[in-house]
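Working through the structure, step by step
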Amino acid sequence: LADDSATSAAVARARMQRSLRLCLLAGIASALLCSTVVRAEGVESVSAAADALAGNVADAGVAAAAAAPVENFAFQADVNKLMDIIINSLYSKKEVFLRELISNASDALDKIRFMSLTEEGVLGSGETAKLEMKIIADKTRKTLTIIDRGVGMTREDLIQHLGTVAQSGTSSFIEAFSEGADVNLIGQFGVGFYSVYLVADTVTVTSKSSEDDKQWIWESTADSTFSVTEDPEGATLGRGTQITLHLKEDCLEFLEEERLRGLVKHYSEFINFPIYLYTTKEEEEEVPVDALEESEEEEEEEEEDASVEDVEEEEEDAAPKTKKVKRIVNDWELVNDAKALWTRTPTDISEEEYQAFYKTLSKDHNGALTYTHFNAEGEVEFKSILFIPGEAPHDLYQDYYKKIKNIKLYVRRVMITDEFDELLPRYLSFIRGVVDSDSLPLNVSREMLQQNKVLKVIGKKMTRKVLAMIKSLADAEKRVGDTDEDEAAKETEEGDAPASKEDALKYAQFWKSFGKYIKMGLMEDSSNRTRLAKLLRYATSKSESEISLEDYVSGMKEDQKNIYYISGESRESLLKSPAVEKLLLKEIEVIFMTDPLDEYTVQHLTEFEGKRLINAAREGLKLDEQPSEKRLHDMYKEKFAPLTSFIKQALGGKVDKVTVSKHLVKSPVVVTTADYGWTAQMEKVMKAQAFADNSRHEFMKAKRNFEFNPRHPLIVELNKKVQAEPEDKGAADMLTSLYMASVLQAGYQLTPEEVSDFAERVTAVVTSGLGLDADAELLPELEVPEAEAAEDDEEEEIEEVPMDESTPAEEASESETAAVEMPEDEPAAEPAQKDEV
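Before going into details, it helps to say that this report is about the structure given with it. Keep in mind it's a predicted model, so treat the numbers as computed, not measured. Per chain, residue numbering runs from 1 following the sequence as it is written. With the structure being a predicted model, the display of local features is reserved for residues of pLDDT at least 70 and the display and counting of side-chain atom pairs for 80 or more, all residues being used for whole-chain, interface and lining totals. Calculation of side-chain values draws on the structure's entire complement of heavy atoms; hydrogens and water are dropped beforehand.

Comments concerning the nonpolar core
By size, the foremost hydrophobic cluster in this structure holds 70 residues, and its most contacted members are I388, I407, F430, I431, M462, I470 and F510. By definition, any uninterrupted DSSP run of H or I lasting at least four residues is a helix, any uninterrupted run of E lasting at least two residues is a strand, and each is numbered from the N terminus. If you tally residues by element for this core, the top one is helix α11 (residues 452–474), at ten residues. The contact criterion used is simple: two residues touch if any of their non-hydrogen atoms lie within 4.5 Å. For F430, the residues in contact, after removing those within four places along its chain, are I388, P389, L396, N406, F510, F514 and Y517. Working definition of a nonpolar core: buried Ala, Val, Leu, Ile, Met, Phe, Trp, Tyr and Cys residues. They are joined through side-chain atoms within 4.5 Å. For the exposure calls, accessible area comes from a 1.4 Å probe over protein chains only, and a residue counts as buried if that area is under 20% of its type's maximum, exposed if over 50%, partly exposed in between. Grouped together as the second largest cluster of nonpolar side chains are 66 residues, L144, L198, V264 and F270 included.

A few points about the pairing of strand β9 (residues 368–376)
Taken across its nine residues, β9 has eight buried, putting it largely inside the fold. Strands are treated as partners if at least two bridges between them are detected by DSSP. Pairing analysis gives eight bridges linking β9 to strand β10 (residues 382–389), with the strands arranged antiparallel. What sits directly across from F374, in β10, is S384. Two successive antiparallel strands, β9 and β10, enclose a turn made up of five residues, where G378 displays a positive phi of approximately 135 degrees.

Looking at the side chain of H663
Among the secondary structure elements, H663 is positioned in the loop between β19 (657–660) and β20 (669–673). A distance of 3.0 Å separates a polar side-chain atom of H663 from the backbone oxygen of A616. There is a polar contact of 3.2 Å between the side chain of H663 and the backbone oxygen of R618. Beyond its immediate sequence surroundings of up to four residues, H663 is in contact with P578, A579, E581, K582, A616, R618, G620, L621, T672 and E707. Nitrogen and oxygen atoms within 3.5 Å of one another constitute a polar contact, given that in protein one can donate a hydrogen and the other can accept it, and given that sequence-neighbouring residues count only through two side-chain atoms.

Things to note about unusual backbone geometry
A positive phi angle, near 60 degrees, is found at E587, a position not held by glycine. Its place among the elements puts E587 in the loop between α18 (581–585) and β16 (590–593). Since its relative accessible area comes to 56%, E587 is described here as exposed. Even without being glycine, E609 reaches a positive phi, approximately 55 degrees. By the element assignment, E609 lies in the loop between β17 (607–608) and β18 (611–615).

Structural notes on the sheet that holds β20
Here three strands make up an open sheet; going across it, the order is β19-β21-β20 and the pairing mixed. Strands at the two margins of the open sheet, each flanked by one partner only, are β19 and β20. Looking at each pair of strands side by side, their axes are set apart by 30 degrees on average, direction ignored. Inspection of the sheet shows β19 paired to strand β21 (residues 704–708) by four bridges, in the parallel sense. Residue pairing in the sheet places K657 in a bridge with N705 of β21. Axis lines are fitted through C-alpha atoms, for helices just across the contact stretch, and the angle between N-to-C directions can take any value from 0 to 180 degrees. The sheet strands contacting helix α25 (residues 729–745) are β20 and β21, and the helix crosses β20 at an angle near 55 degrees.

Things to note about the layout of surface pockets
Think of a ball as big as a water molecule: rolled over the atoms, this probe shows where empty space is left. As defined here, a cavity is a set of points on a 1 Å grid over the protein atoms alone where a 1.4 Å probe fits but cannot get out. A pocket is an open set with protein on both sides within 12 Å along at least five of seven lines, and residues line them when an atom is within 4 Å of a point. Grid points are joined across faces, edges and corners, and a volume is the space filled by probe spheres set on the points. Approximately 580 Å³ is the volume attributed to the second largest pocket. Along its surface, the second largest pocket is lined by 25 residues, and Y565, V602, N615, R618 and D675 are the ones closest to its centre. Elements represented by at least two residues in the lining of the second largest pocket include exactly α19 (597–604), β18, α22 (680–687) and α23 (694–700). Side-chain classes are defined by residue name, with Ala, Val, Leu, Ile, Met, Phe, Trp, Tyr, Cys and Pro counting as nonpolar, Asp, Glu, Lys and Arg as charged, and the others, Gly among them, as polar. Residues that form the lining of the second largest pocket fall into these classes: twelve nonpolar, six polar and seven charged.

Examining a nonpolar patch on the surface
On the surface, V762, V766, L770 and L772 cluster together to form a nonpolar patch covering roughly 380 Å² of accessible area. Structurally, the position occupied by V766 is in helix α26 (residues 752–769). For patch building, the residue pool is restricted to those with more than 30% relative accessible area and no salt bridge; the joining distance is 9 Å between like charges and 5 Å between nonpolar side chains (Val, Leu, Ile, Met, Phe, Trp, Tyr). Using the Shrake-Rupley algorithm and a 1.4 Å probe, accessible areas are obtained, with residue cover drawn only from the displayed protein chains. Salt bridges, as used here, are contacts in which a Lys or Arg side-chain nitrogen is within 4 Å of a carboxyl oxygen on Asp or Glu.

Focus: the sheet that holds β18
In spatial order, the strands read β14-β16-β15-β18-β17; together these five strands make up an open sheet with mixed pairing. The sheet terminates laterally at β14 (539–540) and β17, the two strands that pair on one side only. Both β14 and β16 contribute to a ladder of two bridges, which runs antiparallel. The residue bridging A539 from the neighbouring strand is F592, located in β16.

Some words on empty space enclosed by the protein
This model, assessed by the stated rule, comprises two cavities of 30 Å³ or more. Surrounding the second largest cavity, K403, I404, K405, D418, E419, F420 and D421 form its lining. Classifying every residue of the lining of the second largest cavity by side-chain character gives two nonpolar, no polar and five charged.

Concerning the pattern of salt bridges
Scanning the entire structure with this criterion turns up 28 salt bridges. Note that R113 is salt-bridged to D110, the shortest N-O span being 3.0 Å. In this pair, R113 and D110 both sit in helix α4 (residues 96–116), three residues apart, roughly one turn of the helix. Of the charged contacts in the structure, one is a salt bridge between K657 and E619, with a shortest N-O distance of 3.2 Å. Here K657, found in strand β19, pairs with E619, found in the loop between β18 and α20 (627–639); they are 38 residues apart in sequence, far enough to count as distant. Classification of K657 as partly exposed rests on a relative accessible area of 39%. By sharing partners, the salt bridges in this structure join K516, K519, D595 and D598 into a single network.

Thoughts on the side chain of N719
Assignment of secondary structure puts N719 in helix α24 (residues 713–724). Discounting residues that sit within four places of it in the chain, N719 has contacts with K639, F640, P642 and L643.

Topic: α4
One less than the number of residues in a helix, times 1.5 Å, gives the span that helix is expected to have. With 21 residues, α4 should cover 30 Å at 1.5 Å per step; its first-to-last C-alpha distance of 30 Å lies within 8% of that length. Within α4, 18 of the 21 residues are buried, which leaves it mostly tucked inside the rest of the structure.

Structural notes on helix α5 (residues 155–162)
Among the residues making up α5, those that are buried are L158, H161 and L162. End-on, the buried residues of α5 take up no more than an arc of 90 degrees, which puts them together on one face. Working definition: the arc comes from the directions between the helix axis and the C-beta atoms, pointing outward to the latter.

Details of the environment of E284
Relative to the assigned elements, E284 resides in strand β7 (residues 275–288). Here the alpha-carbon distance between E284 and K324, two residues 40 residues apart in the chain, equals 6.1 Å. In this view, E284 contacts K324, V325 and K326; residues no more than four positions away in its chain are not counted.

Details of the packing of aromatic side chains
Each pair of aromatic rings taken from Phe, Tyr and Trp, with Trp reduced to its six-membered ring, is defined by centres within 6.5 Å and is described as stacked if the planes are under 30 degrees apart, edge-to-face if over 60, and tilted in the remaining cases. Scanning all chains against the criterion turns up 25 aromatic pairs. Here the aromatic rings of F270 and W342 are separated by 5.0 Å at their centres, their planes lie at 70 degrees, and the arrangement is edge-to-face. Of this pair, F270 sits in the loop between α7 (257–267) and β7 while W342 sits in the loop between β8 (322–334) and α10 (351–362), placing them 72 residues apart in sequence. The same class applies to F270 as to W342, namely buried.

Structural notes on the packing of α19 against α22
How two helices pack is summed up by the angle between their axes together with the distance between the axes. For the pair α19 and α22, interaxial distance at closest approach is 9 Å and the crossing angle is 120 degrees. On the basis of their axis angle, the class for α19 and α22 is oblique. Considering the relative orientation of α19 and α22, their crossing is left-handed. Residues E599, Y600 and Q603 of α19 form the contact with α22, whose own contacting residues are Q681, M682, V685 and M686. Any angle between 65 and 115 degrees counts as roughly perpendicular, while under 35 counts as roughly parallel, over 145 as roughly antiparallel, and the rest as oblique. Note on convention: the crossing is left-handed when the near helix lies turned anticlockwise from the far helix by less than a right angle, right-handed when the turn is clockwise.

Take a look at the structure:
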């Protein structure tokens, strides 16, 4: 039999070798066939031949794999190193341990609540039936205890869930129930419990399950071992879990009540179950006075006042005597009294509840200006409530680029983080609110999101909702005037603040507080630039109150093709600007931009609803002209050609062009800006920068154009004078003075040399007006009378008389001290009479 089996094995090996050789030959043949096919039929047949070759090789590999034995191995881990990684590398802040423990306790309470729906009597009765959490800090023992009345754990549960790293009891619980059960639990990864070793050396877990009559104690010091024993004191908990942390010396701050209260409010304020903190307070209390103390007080009162009437004594005796004493009082304080408003339907929430929630969330005593409450569905599902503050914070404009923690990210009502910039753009950082999602891809430490794509989707939806909320605030007047009740009801169902007559004034308040941020958004957010442009508000030449660009376009003249604006310090000064005289004459509305940011804004907003934005202070004012107006302008250019050449020669390189103006109506001259470069307002803004580059100023300064009014008498006379005498220096001085005055009127700044020159010219004008000679000498100084001079000399000598040597300063101070210490029965010596000066 042995020989037969050996023979059979040899035959089998021979057959296997023969099969492998055949497979190899088949592969070679296929390769040769593939090359032949490529040469014959081209590149299109390569893929088919390669597939045939791959199939033959794969069959050979499968045969070889079936013949060779396969061994499976399990990964091994060093428990000590694994625990060290989880404790010291997973979390960036030690304080998150309390969030993780409260989240675990909330899951335990949710489990028992869910079980009570199907199992009658599982909650128990009395104190055991209360679904709550308690936190106790013991400074004497340096321990922190968290107690919950949740589902509890048996001995096997303690070993399986706490003894196995990354074993999530919550996940196992959810899998145990049928699909579609709305449990809404928090735990995902099974490592949150081990964050306790961030602050504790030793952790003791005492737990009593409703499925076990015994109470068990689990204890570990974060090494590779733990112990589980039966509680010798019996089932003291009734049901639930008690976790006791023996804190490290450098973590004793977590025993302070204020610290614990702040952490609970920060991370777990909206947990469904109440969280109580054991507090210690000092209170004053009135207690009755003892008989011995009462007799002592009566004796003291008799010594102080012996003339007390009998009637008053009877009244005092009749009234019980008490005194105030201080005593230590311990009590349970409810920390998380706020409710997660975003989990409810918007139609079920009142205006007062929204305002109260805003004040709780933002710690702002002022109410919110408006809000939006929505549920987003699709690629990522989340719920959110966003608020616009009623007033801008005092430090809002101090640092535009600083991180502002106004949006809080929650996952199942547990605050994850408020430190991110991905949800809302920087120009909407003043928005406050919450975002809650059950499906965000968190990392294990819950401190960051793993997929930026998800954040972008959420941020895009939130940005559009915020802009829609602001737009509805801007359109409040139309909404109030709308009589369509169905439309109003639809807006209310979506969670927007209902429209009211007060909303008509709210946008003006919003623009005053946050208008600069909207302008910053117009520069930064190109995708929403059209939406943001509709939110802009400006005063105009026809309206002192600020209007929108939509209102401007709707009020344009039929033949007007462009939107005209001018920038400057104030509306009053811009109304008097020579650059807008022609526009005002034609009754064309001009937008007045008085904010320094407007200069940056219009660089990114070149048109609105197909209308170009034209700066009225730039050269070549683009107005629709009739053929007759064009011929008239050419005639003026020909008539004043001598003056044009004279001005270019007189001003030299100060101006780039000299031309007949299309801006002016009443003023003689005006200085305009070239099409490229800084305007007068922009030049001021750039020079005011703390880190301004002066070399760049010279490069970016726009060329100035000098325009004159051909109908003004001053210009007409100058033209005649220049024609009569082309080298007239007086005319050149006049034109230079006009140029400097027009530069200042246009909003530009003169150079230091021009300032000195301009001051001299003004002085010369005043001198000439008074009929004085420009080279007149100064008058001699006034002579002081001799008698008055002698009196002044005497006063100076008297003031400089030194103290008498016989009474030095030390003796004078000693005499003053002696006079102060003189007994009351001896009168003090009269001081010597001082000489009058």
